[in-house]
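Topology and contacts: notes
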Amino acid sequence: MTEPEPGGEPTYKPSLKLTLKRGFRDIYDRLGAVLVASFGLFAAFAVPVSAGYRVGEIGQDGGAVLGTMAGALAGCFLAAPLWAGICVWARNVASYNDPSLADLSEGFRRWLVPSWKLAFADLGMAALIAVNLYFYARFPAPWARLVLILWLYAALFGLTSMMYHFPLLIEQKDAGVLKIWKRSALLALDNLPFTFALFFVILIFAGAFLMTRPGWVFLMVLEAGTVSLLTTHGFRELFRKYGLIPPEPDKPAEDRWKGIPPGA
């Protein structure tokens, strides 16, 4: 696939309404798979973090912090390829390509090292932005406030363009980290209203669950599958604009995972 070329003569206009319609329809139709994928990703990260904290508590002062950090690192190594596998499943759902929860294993078979590279590069960039935000927020000088505002805009743009990172990794198999960053930035810059609107829909979805304690449970078992489907549908809408993928029929895909058998 070629690189998206903003500023051309698009023949297809991305539709946020169609993206949300298809995304939430697929979430409803495949709720069992969404639950399994979301909880699996949560467990892949949370279990090592919890184990690291518990082991660290046994040691000397500060051991809990070090144990938690070690657990978070191990969790990232597990979660990155699993998230890639979830994005493979979401792509197959969105493209009506016989999706199955077996697609999750492809993240470890095909995307293990690329997912690590992309995930840790994203974490490094996020850490750099966070450090600069913290640094300039401590200075009351007007120039520091101006720089802080610029970094806030950079943080917002970075978060929104990150939505396309893993879908782009799966769709364009030859792309490295720098190409993925560049192409995601181009997609976001040339489609800012669409990108920001989709980002805030996902943010509102997550915020609605975070407002209550029971909502945290629903967030834990719904967020990853929901985000993967919404961002994949949004990403593919943008690719249709540039003619990189053909328009798709508005029909549901068939999922081989049957969930709980009737009468069980």
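Look up a bit, the structure's there.
All of the points below concern the structure found in this document.

Quick notes on the rules
- Residue numbers run consecutively from 1 along every chain, following the written order of its sequence.
- Given that the model is predicted, a residue must reach a pLDDT of at least 70 before its local features are reported, and side-chain atom pairs must reach 80 or more before they are shown or counted; all residues, however, enter totals for whole chains, interfaces and linings.
- For side-chain calculations, the full set of non-hydrogen atoms in the structure is used, while hydrogens and water are omitted.
- Helix numbers and strand numbers start at the N terminus; a helix is a DSSP run of H or I with at least 4 residues, a strand a run of E with at least 2.
- Using a 1.4 Å probe, the Shrake-Rupley method yields the accessible areas, and only the shown protein chains count as cover for residues.
- Whenever Lys or Arg places a side-chain nitrogen within 4 Å of a carboxyl oxygen from Asp or Glu, that contact is recorded as a salt bridge.
- Accessibility here uses a 1.4 Å probe with only protein chains present; expressed as a share of the type maximum, an area under 20% marks a residue as buried, one over 50% as exposed, and anything in between as partly exposed.
- What a helix is expected to span follows from its residue count: subtract one and scale by 1.5 Å.
- Here the arc refers to the set of directions running from the helix axis out to each C-beta atom.
- Here, residues are in contact when the closest pair of their heavy atoms is within 4.5 Å.
- Patch rule: a residue counts if its relative accessible area is over 30% and it has no salt bridge; like charges are joined within 9 Å, and nonpolar side chains (Val, Leu, Ile, Met, Phe, Trp, Tyr) within 5 Å.

1. Observations concerning the overall build of the chain
Counting secondary structure elements, the chain contains 10 helices and zero strands. Tracing the chain from N to C terminus, the helices and strands come up as α-α-α-α-α-α-α-α-α-α. When the accessible surface of the chain is split by element, carbon and sulfur atoms take 71% of a total near 14100 Å².

2. What to know about unusual backbone geometry
In this model, tyrosine 96 sits at a positive phi of 55°, which is unusual for a non-glycine residue. Note that tyrosine 96 resides in the loop between α3 (63-94) and α4 (106-109). Unusually for a residue other than glycine, aspartate 98 sits at a positive phi of about 55°.

3. Quick look at the pattern of salt bridges
Counted according to the given criterion, the structure contains five salt bridges. Of the charged contacts in the structure, one is a salt bridge between aspartate 26 and arginine 25, with a shortest N-O distance of 3.7 Å. Note on aspartate 26: relative accessible area 0%, which makes it buried. Ionic pairing is found between aspartate 26 and arginine 30, a salt bridge with its closest N-O pair at 3.1 Å. Each of the salt bridges in this network shares a partner with another, and the network as a whole consists of Arg25, Asp26 and Arg30.

4. Observations concerning helix α9 (residues 192-210)
Across its 19 residues, α9 extends 26 Å between first and last C-alpha, which sits within 8% of the 27 Å expected from 1.5 Å per residue. All of the buried residues along α9 are Phe194, Thr195, Leu198, Phe199, Ile202, Phe205, Ala206 and Phe209. Down the axis, α9 shows its buried residues gathered within 130° of arc, on one side only. Of the exposed residues in α9, those oriented more than 90 degrees away from the buried face are Pro193 and Ile204.

5. As for the side chain of threonine 195
Mapped onto the elements, threonine 195 comes out in helix α9. Look at threonine 195 and you get buried, because its relative accessible area is 1%. Those residues in contact with threonine 195 that sit more than four places away from it in its chain are Thr160, Met163, Tyr164, Leu187 and Ala188.

6. Some thoughts on a nonpolar patch on the surface
A surface patch of nonpolar side chains, about 330 Å² in accessible area, is lined by Val65, Leu66 and Met69. Here methionine 69 lies in helix α3.

7. Side note on the environment of isoleucine 245
Mapped onto the elements, isoleucine 245 comes out in the segment after α10 (213-241). Residue classification places isoleucine 245 among the buried positions, given a relative accessible area of 7%. With 150 residues separating them along the chain, isoleucine 245 and serine 95 place their C-alpha atoms 10.0 Å apart.

8. Details of the environment of leucine 222
Tracing the chain through its elements places leucine 222 in helix α10. For the pair formed by leucine 222 and valine 34, sequence separation is 188 residues and the distance between their alpha carbons is 6.2 Å. Not counting residues up to four positions away in its chain, the partners in contact with leucine 222 are Leu31, Val34, Leu35, Ser38 and Phe209.

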